[in-house]
Amino acid sequence: MNAFSYSAAFITFFSVVGPPKVLLAFAGLAQVHPVSQTRTIALISSGAAVLVGLVMGITAPWLLNVFHISTAALQLAGGVIFFIYAVGLVLGLHLGSNTARQDAPDLVSGVRELLMPYVVSPLAMTAVLVEAAARDSFSWRSTVVGAYVSVIALDLICVLLLARVLRRTHHATIELLGRLLGLLLAAVGVDLILDGLSELGVPGLNLRT
């Protein structure tokens, strides 16, 4: 495993699915789930995220070939989906979540709320597929998957350590941070769309910095 390549991949995944983004999603759950249940949800969802990332990363070239998907199209699709999700955060609309909180939240409802932002994050899955397909080498795909799993493990550790703090955080603070983060994530989604358009050869976009 090339150390520099691993470091670059780790930084990429940290920026798209690292603790700064994941902790906010768990903070919302911590408001309605007991601390012990929040930690169990973190374990289950992190395990699912690792499994999904492992499958997507190792089979990336095959998946793109079978579905006849170019990396540019993947970037466009991931960017659009993530942009819509981020706009929902800005407007206070939690897309993919239950419209009403249950009286007794359970593990299934908690994991379900983490599907879009964490387990199958459009931005993270796009990054896994694009990075893994960048080189036709199993060792490189293993490096990408290893970096992704490392970031998920870091997310899990942060959630387990900060579960009590997240539960005590005021709901208004979480809502405020969610909307601010949504604005930043919307910009990330737009940037991903522009990357896809640039790869397709749209004039002028290759001048972006």
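Data block above holds the structure.
Every chain is numbered independently, its residues counted from 1 as its sequence is written. In view of the model being predicted, local features appear only for residues whose pLDDT reaches at least 70, and side-chain atom pairs are presented and counted only at 80 or more, with totals across whole chains, interfaces and linings using the full set of residues. With hydrogens and water stripped out, all remaining heavy atoms of the structure feed into the side-chain values.

K.L.:
For the nonpolar core, give the residues involved together with the corresponding values.
P.N.:
By size, the foremost hydrophobic cluster in this structure holds 48 residues, and its most contacted members are Phe 13, Val 16, Val 17, Phe 26, Tyr 118 and Tyr 148. Take this core: its biggest share by element is 10 residues, from helix H9 (residues 138-168). Two residues qualify as a contact provided that any one of their heavy atoms is within 4.5 Å of a heavy atom in the partner residue. Apart from residues lying up to four places away in sequence, Phe 26 is in contact with Thr 38, Ile 41, Ala 42, Ser 45, Leu 114, Tyr 118, Val 159 and Leu 166. Within this scheme, the nonpolar core is defined by two criteria: the residues are buried Ala, Val, Leu, Ile, Met, Phe, Trp, Tyr or Cys, and they are joined through side-chain atoms within 4.5 Å. Throughout, exposure labels follow a simple rule: accessible area from a 1.4 Å probe, protein chains only, divided by the maximum for the residue type, with under 20% read as buried, over 50% as exposed, and the rest as partly exposed. Helix numbers and strand numbers start at the N terminus; a helix is a DSSP run of H or I with at least 4 residues, a strand a run of E with at least 2.

K.L.:
Outline the packing of aromatic side chains, supporting the account with residue identities and numerical values.
P.N.:
Classification of ring pairs rests on two measures: the distance between centres of Phe, Tyr or Trp rings, Trp counted by its six-membered ring, which must be within 6.5 Å, and the angle between planes, read as stacked under 30 degrees, edge-to-face over 60 and tilted in between. Scanning all chains against the criterion turns up four aromatic pairs. Ring centres of Phe 26 and Tyr 118 lie 5.7 Å apart, and the angle between their planes is 75 degrees; on these two criteria the pair is classed as edge-to-face. Residue Phe 26 is located in helix H2 (residues 19-30), and its partner Tyr 118 is located in helix H7 (residues 115-119); the two are separated by 92 residues in the primary sequence. The exposure classification of Phe 26 matches that of Tyr 118, with both residues buried. Three or more aromatic residues joined by ring pairs make a cluster, and in this case those are Tyr 6, Phe 10 and Phe 14.

K.L.:
Account for helix H3 (residues 35-58), with residues named and values stated.
P.N.:
Residues that lie three or four places apart on an α-helix share one face, since the helix turns once every 3.6 residues. In this model H3 runs 34 Å from its N-terminal to its C-terminal C-alpha over 24 residues, within 8% of the 34 Å that 1.5 Å per residue would give. Every buried residue of H3 is accounted for by Val 35, Gln 37, Thr 38, Ile 41, Ala 42, Ser 45, Ser 46, Ala 49, Gly 53 and Gly 57. Next to the buried residues of H3 lie H2, helix H4 (60-66), helix H6 (107-113), H7, helix H8 (122-132) and H9. Expected span, for any helix, means 1.5 Å times one less than how many residues it has.

K.L.:
Give a detailed account of the packing of H8 against H9, specifying residues and quantitative values.
P.N.:
A packed helix pair is summarised by two numbers, namely the angle formed by the two axes and the spacing between the axes. Contact geometry of H8 with H9 gives a least axis separation of 9 Å together with a crossing angle of 155 degrees. Judged by the angle between their axes, H8 and H9 are roughly antiparallel. The hand of the H8/H9 crossing is right-handed. Contact residues: H8 offers Ala 124, Met 125, Val 128, Glu 131 and Ala 132, while H9 offers Trp 140, Arg 141, Val 144 and Tyr 148. Gly is placed with the polar residues, together with every amino acid not listed as nonpolar (Ala, Val, Leu, Ile, Met, Phe, Trp, Tyr, Cys and Pro) or charged (Asp, Glu, Lys and Arg). Considered class by class, the residues forming the contact of H8 with H9 number seven nonpolar, no polar and two charged. Convention adopted: a line fitted to C-alpha atoms gives each axis, helices being fitted over their contacting stretch, and angles between N-to-C directions are expressed from 0 to 180 degrees. An angle below 35 degrees is treated as roughly parallel, one above 145 as roughly antiparallel, one from 65 to 115 as roughly perpendicular, and anything else as oblique. By definition, turning the near helix anticlockwise from the far helix through less than a right angle yields a left-handed crossing, and turning it clockwise yields a right-handed one.

K.L.:
If you had to explain the layout of surface pockets to someone new, which residues and values would you point to?
P.N.:
The probe, sized like a water molecule, is rolled over the atoms to show the empty space still left. Points on a 1 Å grid, built from protein atoms alone, make a cavity when a 1.4 Å probe fits but cannot get out and make a pocket when they are open with protein on both sides within 12 Å along at least 5 of 7 lines; residues with an atom within 4 Å of a point are the lining residues. Grid points are joined across faces, edges and corners, and a volume is the space filled by probe spheres set on the points. In this model, the second largest pocket occupies a volume close to 210 Å³. Along the wall of the second largest pocket there are 13 residues; nearest its centre are Thr 12, Val 16, Gln 75, Ala 127 and Leu 192. If you list the elements that add at least two residues to the lining of the second largest pocket, you get helix H1 (3-17), H8 and helix H10 (171-199). Tallying contributions element by element places H8 first for the lining of the second largest pocket, with five residues. In terms of residue class, the lining of the second largest pocket is made up of six nonpolar, four polar and three charged.

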